[in-house]
Structure formats: C-alpha cells, structure tokens
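Here are the chains, one letter per residue:
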Amino acid sequence: MEINTKEKILIAASRLFRRQGYHATTLNQISKESNTPRGSVYYYFENGKEQLAQEAILRTGQIIKQRIENALALESDAANAIYTHLRNIADEIEQQKETTDIFSLVAISREVSDSNAILRKSCEEVYDNWINIFANKIKQSGFSDKEALELAIIIQAMIEGAYALMVSQQNVTAMRIVSEQVLKLLHR
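All of the points below concern the structure found in this document. (Residues numbered from 1 in each chain as written. Predicted model: local features only at pLDDT ≥ 70, side-chain atom pairs only at ≥ 80, totals over all residues. Heavy atoms only, no water.)

1. Comments concerning the overall build of the protein
Of the regular secondary structure elements, the protein holds 9 helices and 0 strands. Each helix and strand of the protein, placed in order from N terminus to C terminus, yields the pattern α-α-α-α-α-α-α-α-α. Over its C-alpha atoms the protein spans a radius of gyration of 17 Å, differing by no more than 12% from the 16 Å that the globule rule assigns to 188 residues. Its C-alpha atoms give the protein principal-axis dimensions of about 55 × 35 × 35 Å. Considering the protein as a whole, with its 188 residues, one finds that 44% of them fall into the buried category. In the protein, 68% of the contacts between residues at least 6 apart in sequence involve partners at least 24 apart. (Helix = DSSP H or I, 4+ residues; strand = E, 2+ residues; numbered from the N terminus. Rg over C-alpha atoms; globule rule 2.2 N^0.38 Å. Buried < 20%, exposed > 50% of the residue type's maximum accessible area, 1.4 Å probe, protein only. Contact = heavy atoms within 4.5 Å.)

2. Considerations on the environment of Arg19
As for its placement among the helices and strands, Arg19 is situated in helix α1 (residues 5-20). Assessed through its relative accessible area of 42%, Arg19 is described here as partly exposed. Residues Arg19 and Asp128, 109 residues apart in the sequence, show an inter-C-alpha distance of 23 Å.

3. What to know about the packing of α1 against helix α4 (residues 49-72)
In the contact formed by α1 and α4, the axes pass within 9 Å of each other and the chain directions differ by 90°. When the axis of α1 is compared with that of α4, the two are roughly perpendicular. Where α1 approaches α4, its residues Lys6, Glu7, Ile9, Leu10, Ile11, Ala13, Ser14, Phe17 and Arg18 are matched on the opposing element by Lys49, Leu52, Ala53, Glu55, Ala56, Arg59 and Thr60. (Axes fitted to C-alpha atoms, helices over the stretch in contact; angles between N-to-C directions. Parallel < 35°, antiparallel > 145°, perpendicular 65-115°, else oblique.)

4. Some thoughts on unusual backbone geometry
If you check the backbone angles, Asn35 has positive phi at about 60° while not being a glycine. Residue position: Asn35 is located in the loop between α2 (27-34) and α3 (38-44). Residue Asn35 is classed as exposed on the basis of its relative accessible area, which comes to 70%. Although it is not a glycine, Gln170 adopts a positive phi angle of roughly 55°. Take Gln170: it is sitting in the loop between α8 (145-169) and α9 (173-186).

5. Here we look at the environment of Ala152
Here Ala152 lies in helix α8. Using a relative accessible area of 0% as the deciding quantity, one classes Ala152 as buried. Through-space distance from the C-alpha of Ala152 to that of Lys137 is 9.1 Å; in sequence the pair is 15 residues apart. Ignoring anything within four residues of it in the chain, the contact list for Ala152 reads Ile131, Phe134, Ala135 and Ile138.

Pasting the structure below:
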C-alpha cells in the first residue's frame, strides 16, 4: 500500500516531534524527513507547524487508541488484558532497541502545556480517550464507574512514567514493573 503525501508528512512530523520536540522541529526538517517538497507541507497544512503538530498528535492518539482497544479485546479480565498489553509493549521496545520511535505523547505534551493551548488541548483529548478505554475495560471486571476511572488514570500515569524511564534508562524494566503492578492493582 502506497502512503499518500499527507500521511508521509504526518509520519515524519510525529517522529521528529518525539525525537527533538515541537519547538526544535522545523518545517524544512519535516519536508526533508518525509521526502516531500516543502510546498506540500504548506498545501496540506495551511496553518503551518501548529496545524501539523495538532494533526500528528491526533493521528498518534488514534493509532495508540486502536492498539489499546485491539489488545484489551483479546482477554475478558481487565487485569490480565492490561498486563498482557504492557508486556507486549515492553517486548516490542526491547526488540527495537530504541524507545524514541514508540508512540507516546509525554514529550510533546510536556513541551506545549504552558505555551500552546491548542496543542495542549489536543494532548488532553487523546489522553482522555486512552483513559476511557482502560476505564471501560476495568468496569467490565466489576469496578464502579468512579473506581474504574481513577484506576485508569493511575494506569495511564504509570505507563507514561514508565515510558519516560525507559527512554532515560534505555531498558524496559520500568514497563515490566508497571505491568506487574497493574495485576496487583486490579485483582480484588
């Protein structure tokens, strides 16, 4: 399947934003990384880098949302489903030997939280979607709405924290520990 020009630009922008941040990434770099003419960047993203970043955030959010939904659908028990999902993430990262290309919003959400309300809001929307997926799965295991939401927030925070530690420590130990703690947290 051939990737269209807009998708190439979004993929390249997402990768660059994860690796070097929003402010340090230029449209010239995105054009070069995507192997597309700079005019194409402006054609597809008339409002420039902010629009491109917003669409990249939402694209990343949708990809991860689908991945979480698919993983959690494989098991009926929330604890085991989330545990398996996190172990699979750790295995994938370990096989790649590089964590900077794994989808996460931790870097860009931190960078834009005080400086760009539009991008901050996009990150918030994505995180809310992920948290709701976990909360819905947890509710299926007998937790109340309130408990499920609170546990889902804790789990998402643990995942993002584990991701940050994996980047700095260059190993997957943190995600494996989080997966084990999810089992303890969700088993009554």
